[in-house]
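Examining the three-dimensional arrangement
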Amino acid sequence: MSNCLHCDQEVLTSFFSSESERETSISIGPFCCKGCLTVYGILKNKGLSHNYYQIKKDGQPFRSRAPANPSTNQYTFLDSKDFQAEYTYLNHNKERTIEFYLEGIHCLACLWVIEKLPSFLPGVLSSKLNLGRSVAIITINESGSFASVARELDHIGYRPHPLKINQSESEYKLKEERRNLLRIGIAGAASGNIMLYAISLYAGAGKEYEHLFNLITVLFALPVLTFSAYPFYKNSFNALKTKSISIDVPISLALIMGGIMGFYNLLIGVPENYFDSLTALVFLLLLSRYFLKSIQEKGLNSTDLNFFYSGENYQKAINLGLSEFSEIHPKQLNLGDIIKISPEQMIPADGTVIRGQSYLNNSLITGESELQKISEGENVFSGTQNISREILLKVTSLPKESRLGKILQNIENGWSHKSNIVSLSNTVSKYFISIVFLLSLFLLFFVLKSSGLKSALERSLTLLIVTCPCALAIATPLTFTRSLSLSAQNGIIIKDDAVIEKMSKAKTVFLDKTGTISERESEISEFKIIKKSHIEIGSIVHNLEKNSRHPVAITLKNYFPNDSQSFDVIDHKETPGKGVSGFINGHHYVISKYSIYENDELIAQFKLTEKIKKDASQAISKLKNLGLDVKIISGDKTEKVQFLASNVGLTNNDCLGELSPEMKWDQIKNSSSTIMVGDGANDAIALKSADTGIAVYGAMDISLRAADIYLTTPGLFQVVKLIVLSKETMKVIYRNLFLSLAYNSVSVILAFTGAISPLAAAVIMPLSSLTVLLSSSIGTKELRGLWK
Amino acid sequence: MEIITFLIPLALILALFFIGGFIWMTMKGQYDDLETPGHRMLLDETKTETNLNKNFNQTQKGDL
């Protein structure tokens with residue numbers, strides 16, 4: 001076993017720079033694919049290869065992702081005026097800047113080679129890559145061309161996708177991010193400084209300094225309580241406006257009470273306040289939320305793709321004779337445009353076939369696994385894949401008005417909204433705040449009788465401050481952060497932490513069939529040879545189907561080892577719907593309808609069945625063991641769904657076939673606590689409306705957008721691990737809740753006995769936070785062993 | 001104990017100086033991308049670099 005020289009993936013069948021070099025010692029390789037070899041060659045020609053591979057060896061792989069296969073796209077549309085007006089911006093020096101999302105960014109060497117663009121491409125002024133977002137910002141001058149930049153990037157294995165720059169939105173986002181950082185920084189600096197003076201006061205600073213120190217503390221606390229803590233006030237206000245309570249409400253309450261008390265004490269000359277604890281609390285809270293947000297954004301960014309199809313460009317006819325074509329980006333298509341769709345390309349817009357015959361793969365749109373035969377005059381839908389031959393298509397509706405576009409709009413407008421569940425911490429806050437209010441009222445009257453109004457008010461205020469559920473508020477985001485990063489390391493991107501809680505309570509799992517449980521390709525389940533030997537049949541298959549891209553042909557070719565002799569096939573024909581035929585050595589052979597004929601005599605027959613993903617049955621039985629109800633919902637024919645269900649250990653009652661996207665949505669709506677696992681456009685609405693939507697590896701980007709979670713590695717077993725992860729995460733959160741409530745009870749007791757003081761708070765608050773932090777970072781045994 | 005009348009203002013000035021510096025750096029965009037610069041600094045400038053476009057002044061104001 002060896003690893004590819006370029007991308008470091010394990011190589012099974014190695015690919016060398018040339019066949020003859022394999023034996024000699026100067027051969028270069030191995031490579032995993034032609035793409036990697038090409039990239040290697042380009043880098044070597046430019047004299048960049050030595051550094052590139054050295055950096056690569058030294059640096060840790062940043063993300064396990066192989067380079068994108070080089071395409072033949074010419075990207076000429078990038079230089080058109082219309083495109084540039086929309087996607088690029090010009091500065092006062094007539095330099096143009098564009099942002100590309102790059103596929104295949106995975107390590108330090110990528111950074112190096114992309115930022116080296118100006119040194120080998122004329123006209124490129126600067127090239128900066130953001131590794132986290134996989135976005136390159138490239139500036140060229142008047143002599144440069146974006147098309148040549150894009151071609152170069154494509155050739156070296158980073159397929160570029162131009163991003164639309166929404167300047168006002170991105171500026172607003174940037175400002176917000178900077179403001180958040182300032183909030184954290186100021187809270188941190190202020191709480192550190194306050195601590196210096198607070199400790200001096202606790203240690204018994206002399207009378208002459210008491211008031212000065214107190215004043216300094218208050219001054220430092222002022223920006224923290226106003227500017228830094230602003231998000232808490234805003235969140236509480238929003239929550240109260242909708243007549244609900246979030247965890248920010250008790251926190252804001254403690255901050256406001258603490259502020260009032262601190263200023264009052266300053267005015268009456270008592271050197272006592274809770275600002276040391278409160279500012280540290282604000283700092284830690286902001287920090288823990290910042291961590292959670294940044295890990296979520298990492299996941300979001302990779303789905304926040306501002307393009308619709310996988311970056312393919314299309315050939316548009318530019319003259320009436322349909323002989324000349326120019327490249328066009330799917331976004332720029334107009335009604336009536338005639339475009340050429342090559343085999344394996346996605347159809348970008350609904351349209352009518354005007355020339356050619358082919359097969360279409362509808363599975364991403366309808367879930368049907370069988371291919372659809374199309375010929376001239378027939379209508380095709382966007383999102384389907386052309387399989388066997390080139391066709392010309394006249395666009396009849398724009399991408400955004402097509403069937404697929406409408407599904408996308410529905411998802412973005414959110415008519416299929418999720419049921420919102422109240423998160424645990426918010427539920428707890430509701431009870432918490434009422435109990436604390438009752439307790440402080442009780443304390444008020446209790447002390448009022450014995451020692452007067454002033455001391456009674458003081459003590460009940462103190463109770464409100466010291467019982468702030470800060471430990472819980474800090475630990476919850478950190479526990480989620482930990483689970484999110486654990487899953488991200490193992491190829492699962494969770495977009496929102498709230499789904500972890502929803503997932504842990506799930507009762508029903510809905511699975512899509514095609515692409516989720518079964519592979520998109522089928523396999524040969526039975527091959528009956530009536531006449532001739534296995535080798536002879538193999539040879540016939542390979543010669544007849546040599547150039548065919550029909551899935552059955554590909555399956556057949558994979559079934560027989562490719563070592564057969566090659567013959568001349570005379571009168572070779574391939575007709576959609578009828579199969580292939582031709583003469584070899586004077587005999588007429590036909591492969592049609594799962595049979596092979598020699599001179600009209602049947603010589604072999606075979607059957608195709610859907611290939612079930614390797615870990616599907618195991619994953620499904622594990623899901624059942626976890627107490628979940630597993631159901632299959634599919635757009636494919638009911639018999640096919642039932643047949644597959646029986647193979648993975650499910651009964652006919654557990655599966656439903658022939659469902660439209662809207663009917664899938666109905667299924668989800670009618671059950672509670674659901675998880676939907678799917679991949680196609682027909683699952684998108686269901687993914688969006690389920691409590692948890694999981695898009696599997698290889699899903700369409702429309703599903704990626706609709707889902708809350710997506711898997712970047714193949715296999716259904718990841719779903720099982722994900723559910724275990726959610727359950728274990730919630731265990732940690734419950735444990736933290738218990739710990740933090742225990743500390744709060746201590747504070748309540750101290751407040752009642754009158755033993756509470758700023759010093760006691762300064763000990764209890766950090767101690768409780770520390771305990772829950774430890775508890776979050778330890779996790780549970782199962783959480784630690786989940787991906788070992 | 002007189003020394004403290006000197007030390008406290010000094011501590012405060014230092015604190016304000018660093019807070020001010022932090023605000024300035026954040027507003028200048030020093031912390032906009034927290035990931036890439038850490039990797040970028042590991043790359044050595046090598047002699048193979050022949051920038052074809054040397055006249056380009058790096059980032060310009062208002063280019064955000």
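Residues numbered from 1 in each chain as written. Chains lettered and ligands numbered in written order. Predicted model: local features only at pLDDT ≥ 70, side-chain atom pairs only at ≥ 80, totals over all residues. Heavy atoms only, no water.

**Some remarks on the pairing of strand β22 (residues 587-592) of chain A**
The two faces of the sheet receive side chains in turn, since in a regular strand these alternate between them. Residue and element names in this part refer to chain A. Here strand β21 (residues 579-584) pairs with β22 via five bridges, running antiparallel. Paired with phenylalanine 583 across the two strands is histidine 588, which belongs to β22. Two successive antiparallel strands, β21 and β22, enclose a turn made up of two residues, where asparagine 585 displays a positive phi of approximately 50 degrees. Relative to strand β23 (residues 595-598), β22 runs antiparallel, the two sharing four bridges. (Pairing = 2+ DSSP bridges. Helix = DSSP H or I, 4+ residues; strand = E, 2+ residues; numbered from the N terminus.)

**Digging into the environment of serine 382 of chain A**
For serine 382 of chain A, the location among the structural elements is in the loop between β14 (379-380) and β15 (385-386). Separated by 26 residues in sequence, serine 382 of chain A and glycine 356 of chain A place their C-alpha atoms 17 Å apart.

**Section: the domain arrangement of chain A**
All names here are of chain A. When cut into domains, chain A gives domain 1 (172-294 + 425-479 + 728-787), domain 2 (314-398), domain 3 (492-517 + 614-712) and domain 4 (519-612). Here domain 2 and domain 4 have C-alpha centroids that lie 28 Å from each other. Domain 2 puts 13 residues into the contact, and the matching count from domain 4 is 10 residues. Interface area for domain 2 against domain 4, summed over the two sides, is near 970 Å², with a carbon-plus-sulfur share of 56%. If you look at where domain 2 meets domain 4, you find zero salt bridges. Linking domain 2 with domain 4 are zero residue pairs in polar contact (both at pLDDT 80 or more). Partitioned by chemical class, the residues of the side of domain 2 that touches domain 4 number five nonpolar, five polar and three charged. (Domains from an automatic or database assignment. Contact = heavy atoms within 4.5 Å. Buried area = accessible area lost by both parts, 1.4 Å probe. Salt bridge = Lys/Arg side-chain N within 4 Å of Asp/Glu carboxyl O. Polar contact = N/O pair within 3.5 Å; in protein donor to acceptor, adjacent residues only side chain to side chain. Nonpolar A, V, L, I, M, F, W, Y, C, P; charged D, E, K, R; others polar.)

**Side note on a positive patch on the surface**
All names here are of chain A. Taken together, the side chains of Arg735, Lys781, Arg784 and Lys788 define a basic patch exposed on the protein surface. Along the chain, lysine 788 falls in the segment after α26 (781-785). According to the relative accessible area criterion, lysine 788 is exposed, its value standing at 84%. (Patch = residues over 30% accessible without salt bridge, like charges linked within 9 Å, V, L, I, M, F, W, Y side chains within 5 Å. Areas by Shrake-Rupley, 256 points an atom, 1.4 Å probe, with all protein chains shown as cover. Lys, Arg positive; Asp, Glu negative; His and termini not counted. Charge placed at Lys NZ, Arg CZ, Asp CG, Glu CD. Buried < 20%, exposed > 50% of the residue type's maximum accessible area, 1.4 Å probe, protein only.)

**Concerning the environment of serine 228 of chain A**
All names here are of chain A. Looking at the element boundaries, serine 228 is found in helix α8 (residues 207-228). The class of serine 228 is buried, set by a relative accessible area of 0%. Along the chain, serine 228 and asparagine 180 lie 48 residues apart, while their C-alpha atoms are 8.2 Å from each other. Once you skip the residues sitting within four places of it in the chain, serine 228 turns out to touch Arg183, Ile186, Ala187, Pro223, Val282 and Leu286.

**Let's talk about the pairing of β23 of chain A**
Residue and element names in this part refer to chain A. Between β22 and the antiparallel strand that follows it, β23, lie two residues; lysine 593 among them carries a positive phi value of about 45 degrees. With four bridges connecting them, β23 and strand β24 (residues 601-612) associate as antiparallel partners. Note that in β24 the partner of serine 595 across the bridge is glutamine 605. With antiparallel pairing between neighbouring strands as the criterion, β23 and β24 make up a hairpin whose turn holds two residues, including asparagine 599 at a positive phi of roughly 45 degrees.

**Regarding the packing of helix α19 (residues 616-625) of chain A against helix α24 (residues 717-753) of chain A**
Residues and elements named next belong to chain A. Between α19 and α24, whose axes approach to 8 Å, the crossing angle comes to 25 degrees. On the basis of the axis angle, α19 is roughly parallel to α24. Seen from α19, the contacting residues are Gln618, Ala619, Lys622 and Leu623; seen from α24, they are Phe717, Val720 and Ile723. Counted by class, the contact of α19 with α24 contains five nonpolar, one polar and one charged residues. (Axes fitted to C-alpha atoms, helices over the stretch in contact; angles between N-to-C directions. Parallel < 35°, antiparallel > 145°, perpendicular 65-115°, else oblique.)

**Describing empty space enclosed by the protein**
Over the atoms, a rolled probe matching the size of one water molecule traces out where space is still vacant. All names here are of chain A. As enumerated under the stated definition, the model contains four cavities of 30 Å³ or more in all. The computed volume of the largest cavity comes to approximately 60 Å³. Forming the boundary of the largest cavity are Val466, Cys468, Cys470, Ala471, Ser740, Tyr743, Asn744, Ser747, Ile764, Met765 and Ser768. Contributing elements (two or more residues each) for the lining of the largest cavity: α15 (470-489), α24 and α25 (758-778). Grouping the amino acids of the lining of the largest cavity by side-chain chemistry returns seven nonpolar, four polar and no charged. (1 Å grid on protein atoms, 1.4 Å probe; cavity = no way out; pocket = protein on both sides within 12 Å on 5 of 7 lines; lining within 4 Å. Points joined across faces, edges and corners; volume = space filled by probe spheres on them.)

**Thoughts on the nonpolar core**
All names here are of chain A. Counting residues in each nonpolar core, the largest one holds 102 residues, and the members touching the most others are Ile494, Ile517, Val677 and Ile694. Looking at this core, you find at least three residues from each of domain 1 (172-294 + 425-479 + 728-787) and domain 3 (492-517 + 614-712). Sequence-distant contacts of valine 677, that is, excluding residues within four places in its chain, are made with Val509, Phe510, Leu511, Asp512, Thr516, Leu687, Ile694, Val696, Leu716 and Val719. In terms of nonpolar packing, the next biggest core, distinct from the first, is built from 41 residues, Ile339, Leu393, Leu404 and Ile407 among them. (Core = buried A, V, L, I, M, F, W, Y, C linked by side-chain atoms within 4.5 Å.)

**Some details on the interface of chain A and chain B**
With 45 residues of chain A at the interface, the matching set in chain B holds 35 residues. Here chain A meets chain B over a buried area of about 3,400 Å², counting both sides, of which 63% is carbon and sulfur. Considering only the surface of chain A that becomes buried against chain B, Arg178, Leu182 and Tyr209 of chain A emerge as the three largest contributors, covering 17% of it. On the surface where chain A and chain B come into contact, there are four residue pairs in polar contact (both at pLDDT 80 or more). For the side of chain A that touches chain B, the element with the highest residue contribution is helix α7 (residues 167-202) of chain A, accounting for 11 residues.

**Here we look at a nonpolar patch on the surface**
On the surface, Ile3, Phe6, Leu7, Leu10, Leu14, Phe17 and Phe18 of chain B cluster together into a nonpolar patch covering about 750 Å² of accessible area. You can see leucine 10 of chain B is positioned in helix α1 (residues 3-28).

**Notes on the pattern of salt bridges**
When the charged atoms of two side chains with opposite charge come close together, those side chains can pair. All names here are of chain A. Throughout the structure, instances matching the rule amount to 14 salt bridges over all chains. Across the pair lysine 454 and glutamate 458 runs a salt bridge, and its minimum N-O distance is 3.5 Å. Of the two residues, lysine 454 and glutamate 458 both sit in helix α14 (residues 424-466), four residues apart, roughly one turn of that helix. Judged by relative accessible area, glutamate 458 falls into the partly exposed class, the value being 30%. Glutamate 501 serves as the salt-bridge partner of lysine 505, at 3.7 Å between the closest nitrogen and oxygen. On the accessibility criterion, lysine 505 (43% relative accessible area) is partly exposed. Overall, the relative accessible area of 6% leaves glutamate 501 in the buried class. A cluster of three or more residues bridged by salt bridges with shared partners is formed by Asp512, Lys664 and Asp683.

**Describing the confidence of the model for chain B**
All names here are of chain B. For chain B, per-residue confidence averages 74 on the pLDDT scale, and residues scoring 70 or more make up 66% of the total. The low-confidence segment residues 48-52 (pLDDT under 50) makes 12 contacts with residues lying over four places distant or belonging to another chain. Contacts of residues 54-64 to residues separated by more than four positions or lying in other chains number 14 contacts, the stretch itself having pLDDT below 50. For this predicted complex, the interface confidence comes out at an ipTM of 0.76, alongside a pTM of 0.77. (pLDDT = per-residue confidence, 0-100.)

**Points about α1 of chain B**
Residue and element names in this part refer to chain B. If you check α1, its first and last C-alpha atoms are 37 Å apart, about what 26 residues at 1.5 Å a residue would give, namely 38 Å. Turning to α1, its buried residues are Ile8, Ala15, Ile19, Phe22 and Thr26. Once α1 finishes, glycine 29 follows within two positions and takes phi at roughly 90 degrees, a positive value. (Expected span 1.5 Å × (residues − 1).)

**Observations regarding the confidence of the model for chain A**
Residues and elements named next belong to chain A. On average, residues of chain A score 81 in pLDDT, and 88% of them are at 70 or above. Overall, residues 17-27 carries pLDDT values under 50, and its contacts beyond four positions in sequence, including any with other chains, amount to eight contacts. Scored below 50 in pLDDT, residues 303-310 shows 28 contacts in the model against residues more than four places distant or in partner chains.

**Some remarks on helix α10 (residues 248-268) of chain A**
For α10 of chain A, spanning 21 residues, the distance from its first C-alpha to its last is 30 Å, which sits close to the expected 30 Å at 1.5 Å a residue. Within two residues after α10 of chain A, glycine 269 of chain A carries a phi angle of roughly 85 degrees, on the positive side.

**Comments concerning the packing of aromatic side chains**
Residues and elements named next belong to chain A. Inspection of the entire model under this criterion finds 13 aromatic pairs over all chains. Geometrically, the ring pair formed by phenylalanine 527 and phenylalanine 606 is stacked, given 5.5 Å between the ring centres and 5 degrees between the ring planes. Of this pair, phenylalanine 527 sits in strand β19 (residues 518-529) while phenylalanine 606 sits in strand β24; the two residues are 79 residues apart in sequence, bridging distant segments of the chain. Taking 5.2 Å as the distance between ring centres and 85 degrees as the angle between the ring planes, the aromatic pair formed by tyrosine 559 and phenylalanine 560 counts as edge-to-face. Its relative accessible area of 35% is what places tyrosine 559 among the partly exposed residues. (Phe/Tyr/Trp six-rings, centres within 6.5 Å; stacked < 30°, edge-to-face > 60°.)

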